[in-house]
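The chain contents come next:
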Amino acid sequence: NPIWDYVVRGEGEHILLDILEEIESGITHDECQFLAQPLKQRLDLSNFPMPKYDDFDFNEYLIPNGVCSEFSRGCTAKCTFCEETHFWNYRQRQAVDALTEVKTLYETRGTNVIWFIDSLVNGNLQELKAFCKGVIAAGLDLHWTGYGRCNGKMDLEYYQDLAKSGCVKLWHRVRQSACVGCNR
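Computed from a predicted model, the values in this text were never measured in an experiment.

Overview of the sheet that holds strand β8 (residues 167-171)
- Strand order in the open sheet formed by four strands is β3-β6-β7-β8, and the pairing between neighbours is parallel. At either margin of the open sheet sits one strand with a lone partner, and together these are β3 (66-69) and β8. Here the average twist between neighbouring strands, direction ignored, is 15°.
- Pairing geometry for strand β7 (residues 143-147) and β8, over four bridges, is parallel. Considered in β8, the bridge of glycine 146 is made with leucine 170.

Put into structure tokens, the structure is as follows:
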């Protein structure tokens, strides 16, 4: 018996639907199925349907008013030591799409803590600023965080908008091998 039924390389959203269809149809395999997304294919993050949390009891979680979300995939830097550069092409979700998701969760589930799981939440400064302005305009009392990179275009006003929108921290991934000589 294989240890795994399926192994997926790449973005798995579409492939997962095929796997679920096989399972629901009673299709089984004697060997592990290795499935791969075509190398040049990348998903448009703004076209995903809104996540449905109807079957989730948020009170069973350590932070019952929190949720993970995604604002982008990939990274805009080209650091040679980083897997993001070699695997992902950077894509940004439209601010209005992310804002709609966050606002809906805020109003329907009381969600006000968001962890953006992106590799780089500030890869597109214009869209991130639009998201922040939208949160501020909607009067949402959020607390959010995500990974970011130092960017000289982020001035004091930009940081103030981040803070007003509820950004409590931008994390920076530091790799030991990257600390010497990386000027990006």
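Next, the rest of the story.
Notes on the state of the cysteines
- Inspection of the entire model under this criterion finds zero disulfides.
- With no disulfide of its own, cysteine 167 lies closest to cysteine 132 among cysteine sulfurs, the gap being 7.0 Å.
- For cysteine 167, a relative accessible area of 14% gives the class buried.

Some thoughts on the nonpolar core
- Judged by nonpolar contacts, the single largest core of 24 residues is most densely connected at Phe71, Leu128, Phe131, Trp144 and Leu162.
- Looking at this core, the elements with two or more residues in it are α3 (95-109), β6 (113-116), α4 (125-138) and α5 (156-164).
- Excluding its chain neighbours within four sequence positions, the residues that come into contact with leucine 162 are Leu128, Cys132, Trp144, Met154, Cys167 and Leu170.

Focus on the side chain of arginine 93
- Locating arginine 93 in the fold gives a position in the loop between β5 (91-92) and α3.
- Here arginine 93 falls in the buried class, since its relative accessible area comes to 8%.
- Among the polar contacts listed, one links the side chain of arginine 93 to the backbone oxygen of glutamate 70, at a separation of 2.7 Å.
- The residues contacting arginine 93, other than those within four sequence positions of it, are Leu45, Ser46, Ser69, Glu70, Phe71, Ser72, Ala98, Glu101 and Glu127.

Side note on the packing of α4 against α5
- It is at 8 Å that the axes of α4 and α5 come closest, and there the two elements cross at 45°. Put simply, α4 runs oblique to α5. Of the two elements, α4 crosses α5, and the hand of that crossing is left-handed. Across the interface between the two elements, Leu125, Leu128, Lys129, Cys132, Lys133 and Ile136 from α4 touch Glu157, Tyr158, Asp161, Leu162 and Lys164 from α5.
- Across the contact of α4 with α5, the residue classes break down as six nonpolar, no polar and five charged.

Criteria and cut-off values
- Residues numbered from 1 in each chain as written.
- Predicted model: local features only at pLDDT ≥ 70, side-chain atom pairs only at ≥ 80, totals over all residues.
- Heavy atoms only, no water.
- Pairing = 2+ DSSP bridges.
- Helix = DSSP H or I, 4+ residues; strand = E, 2+ residues; numbered from the N terminus.
- Axes fitted to C-alpha atoms, helices over the stretch in contact; angles between N-to-C directions.
- Disulfide = S-S within 2.5 Å.
- Buried < 20%, exposed > 50% of the residue type's maximum accessible area, 1.4 Å probe, protein only.
- Core = buried A, V, L, I, M, F, W, Y, C linked by side-chain atoms within 4.5 Å.
- Contact = heavy atoms within 4.5 Å.
- Polar contact = N/O pair within 3.5 Å; in protein donor to acceptor, adjacent residues only side chain to side chain.
- Parallel < 35°, antiparallel > 145°, perpendicular 65-115°, else oblique.
- Left-handed = near helix turned anticlockwise from the far one by under 90°.
- Nonpolar A, V, L, I, M, F, W, Y, C, P; charged D, E, K, R; others polar.

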